[in-house]
Amino acid sequence: MEQDTALALPDIGMGNEFGDFPALAPMPAAEPARMPMAETPMSAAPKVELSGKAKAAIVVRLLLNEGADIPIEELPEELQTELTRQMGKMRLVDRNTLNAVAAEFADMLDNVGLSFPNGLAGALSAMEGKISRHTYSRLRKEAGVRQFGDPWQRLKQLPPEDLATLAQAESIEVAAVMLSMLDTGKAASMLACLPGPLARRITYAVRQTGSVTPDTVDRIGLSLAAQVDARPEMAFNQTPGERVGAILTESPSAKRDEVMDALDEEDQEFATDVRKSLFTFALIGTRLSPTDVPKITRVVPQQDLVTAIAYGKADEDVAASEFLLGNMSARMATNIREEVAERGKVPRKAGETAMSNIVSALRDMVVNGEIELKSAEPDEDDEE
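Rules behind the numbers
Residues numbered from 1 in each chain as written. Predicted model: local features only at pLDDT ≥ 70, side-chain atom pairs only at ≥ 80, totals over all residues. Heavy atoms only, no water. Helix = DSSP H or I, 4+ residues; strand = E, 2+ residues; numbered from the N terminus. Core = buried A, V, L, I, M, F, W, Y, C linked by side-chain atoms within 4.5 Å. Buried < 20%, exposed > 50% of the residue type's maximum accessible area, 1.4 Å probe, protein only. Contact = heavy atoms within 4.5 Å. Salt bridge = Lys/Arg side-chain N within 4 Å of Asp/Glu carboxyl O. Axes fitted to C-alpha atoms, helices over the stretch in contact; angles between N-to-C directions. Parallel < 35°, antiparallel > 145°, perpendicular 65-115°, else oblique.

So, on to the environment of Lys89. Mapped onto the elements, Lys89 comes out in helix α2 (residues 77-89). Sequence-wise, Lys89 and Ala57 are 32 residues apart; in three dimensions their C-alpha atoms are separated by 9.9 Å.

Moving on to the nonpolar core. If you look at the biggest cluster of nonpolar residues, it comprises 26 residues, and the most contacted ones within it are Phe281, Ile284, Leu288, Leu324, Ile358 and Leu362. When contributions to this core are tallied by element, the ones reaching two or more residues are α16 (293-299), α17 (302-311), α18 (315-327), α19 (330-343) and α20 (348-367). Apart from the residues within four sequence positions on either side, Leu324 is in contact with Phe281, Ile284, Val293 and Leu305.

Glancing now at the pattern of salt bridges. Applying the stated criterion to the full structure yields 6 salt bridges. For Asp215, the salt bridge goes to Arg219, with nearest N and O atoms at 2.3 Å. Of the two residues, Asp215 and Arg219 both sit in helix α11 (residues 214-230), 4 residues apart, roughly one turn of that helix. For Asp215, a relative accessible area of 45% gives the class partly exposed. Residue Arg219 is classed as partly exposed on the basis of its relative accessible area of 47%. Across the pair Arg337 and Glu322 runs a salt bridge, and its minimum N-O distance is 3.3 Å.

A separate point is the packing of helix α1 (residues 52-65) against α2. Viewed as axis vectors pointing N to C, α1 and α2 meet at an angle of 80°, and their least axial separation amounts to 9 Å. Between α1 and α2, the crossing angle belongs to the class labelled roughly perpendicular. Contact residues: Lys53, Ala54, Ala56, Ala57, Val60 and Arg61 in α1; Glu82, Leu83, Gln86 and Met87 in α2.

Here it is in C-alpha cells:
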C-alpha cells in the first residue's frame, strides 16, 4: 500500500548518494534532504527519507524541465535503465522537498574541486597520447569493447583502408550493414578501397538491410570492434614500402636511383610499393594539385624555389618547374624566372638540398592535412 504522503518513493536499493549516477553528480555521500523544522509548516506532509536514486531522479527531472541537455546516454546502460525505472515510479514531489534536493545538489557541485573521467574508458581517452601505445592497447583489451560505449563510434574513426579490410573478411550482408552505419564520406572512401566487383555486391546488398534490428547492428559493431582490438600491436605505423619510400625521398638522387634499380631486380612487387610512397621534386607535377601550388609558395622560401628550378635540367625536373611556375601568381613566376636566368649553374649539393627542402615542406603539409597528394598510379577500373 502506498504511503499517504506528498511523496511516495520506494527505495529499491540503488544507494544513498548522487554518486550512483557519476555523470550527473560524482560527489561524496550526503545526508537525506531535510528542511529545518522552523521552515516547515505545521500542515506539511511528513518528511520522507529519500534514496540516492530518488534524489538523482528529481534532479534529472528538474533539469529536463528547464531544457538542460544532460548526457545521460554516456552513463552505463544499467544506470540508464535504473534511472528510467525510478522516474517511472515517481509521483508528486512537494515544493519544499524539491527545493531541499536542488539545494543539496547545488552545494555538492560548489564543493567539487576536481573531477575525473568516469571509468576506465574515460581515463584512457584522457591519457591517449600521454601513455605508451603498448600500455594503452593492453588496457583497452582488458576493459573490453563494451566498456567504451557505442562500438560504431570507434569503427567510424578507423581509416578507410582498415574498414575495407574488415569488409573483405566479412560476409556481404555484414559489410552492407557496416557501409550503412558509416558517414557518407567515410563510406565512399571505404568503397574506393575495395575491388570493383566486391564494392558493387556490397552496395547492392544494402537494399536487404531494411529489416535489420538495432540489436543485430549492435552485435555486428561489437564483433567488428573486438576484431580490431584483437589485432597484434605493430611496431611501425607505416608499411615497409612507405618507410623505404620516405627514406629514399630524402636521399640524393644518384643513391635513390641506384637503390631503386636494385629493388627492381630483386623484388619487383616491393619496388612498386616503394614507388607509391616515393615523392621527389620531379614528381611534383603529377602528385600535386594545381590549386595547392599557392600554398607551397607561402611556405617554401623563394630562394629554394629559384635554386631548385635553376638546378633541375632533367626532363622530369623541368616539367615540375614549369608546373610550379604556371600555377603560382604571374608576378612571382616572373621574378623567379628572372632570378633563375641570372643564377647560372647551381652546384649539385645546393640544388639537391633546395629540392629536398621543397619536398620536406610538401610532406609536412600532407601530414598536417593542408594538402593532399594524388595517387602515384592512375586509377584502374576493376572488372569482373
